[in-house]
Amino acid sequence: MLRLHGRVYTNMQEGEMKLDIAEKTRILEFVGLSISLVALLASLTIFCRFRSLRNTRTRIHKNLFVAMVVQVLIRLTLYIDIELLRKNPPDAQRGIGNTPFVCEASYVFLEYAKTAMFMWMFIEGLFLHNMVTGE
């Protein structure tokens, strides 16, 4: 295993290796977020479409999924903006990072979505606890 690792990275400089790993990690994260977005939207569609799924438990699920969708959309928007600016340096003056209000608002909404997501996870756990204990 160590020999394989050595053969892969012996021809690369230290900085190039770190940059390559960071790029591949960002691509993997982008793909994962895209798949999550599709799955969450499909789940929300199913929950909203069928009347038989309208109860307290699925309402909690829907709110959790909406918080997740908001978080994924903000992250994808930020990552796409970073990639577009990196590939087109003349457009660097027009990005989210160079617009202080939009940049700060994006990160505020991202933190809000994360907080809302954890709150709905807590509510779901509390709901399940109350169902199991009968309180």
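Bear in mind the structure is a predicted one, so any value in this text is a computation, not a measurement. (Residues numbered from 1 in each chain as written. Predicted model: local features only at pLDDT ≥ 70, side-chain atom pairs only at ≥ 80, totals over all residues. Heavy atoms only, no water.)

(A) Highlighting the overall build of the protein chain. Per the secondary structure count, the protein chain includes four helices and zero strands. For the protein chain, the succession of helices and strands along the chain, N to C, is α-α-α-α. Expressed as a percentage of its 135 residues, the buried residues of the protein chain come to 21%. In the protein chain, 65% of the contacts between residues at least 6 apart in sequence involve partners at least 24 apart. Element-wise, carbon and sulfur atoms account for 66% of the exposed surface of the protein chain, whose accessible area totals about 10200 Å². (Helix = DSSP H or I, 4+ residues; strand = E, 2+ residues; numbered from the N terminus. Buried < 20%, exposed > 50% of the residue type's maximum accessible area, 1.4 Å probe, protein only. Contact = heavy atoms within 4.5 Å. Areas by Shrake-Rupley, 256 points an atom, 1.4 Å probe, with all protein chains shown as cover.)

(B) Focus on the pattern of salt bridges. Enumeration according to the criterion identifies three salt bridges in this entry. Residue Glu29 pairs with Arg26 through a salt bridge whose shortest N-O separation is 3.9 Å. Here Arg26 and Glu29 lie together in helix α2 (residues 14–49), a separation of three residues that amounts to about one turn. On the accessibility criterion, Glu29 (28% relative accessible area) is partly exposed. (Salt bridge = Lys/Arg side-chain N within 4 Å of Asp/Glu carboxyl O.)

(C) Quick peek at the environment of Arg75. Relative to the helices and strands, Arg75 is located in helix α3 (residues 56–87). In this structure the C-alpha to C-alpha distance between Arg75 and Leu33, which are 42 residues apart in sequence, comes to 8.2 Å. Ignoring any residue separated from it by four or fewer positions in sequence, one finds Arg75 in contact with Glu29, Leu33, Leu110 and Lys114.

(D) Seen up close, the UniProt feature "transmembrane region" (unreviewed entry) in the protein chain. UniProt feature "transmembrane region" (unreviewed entry): in the numbering of this structure it lies at residues 27–48, 60–80 and 115–132. Taken end to end, residues 27–48 is 100% helix and 0% strand, and its first and last C-alpha atoms sit 32 Å apart. Regarding residues 60–80, the helix share stands at 100% and the strand share at 0%, and the terminal C-alpha atoms are separated by 30 Å. (UniProt positions renumbered as here; feature names shortened; annotations may be inferred.)

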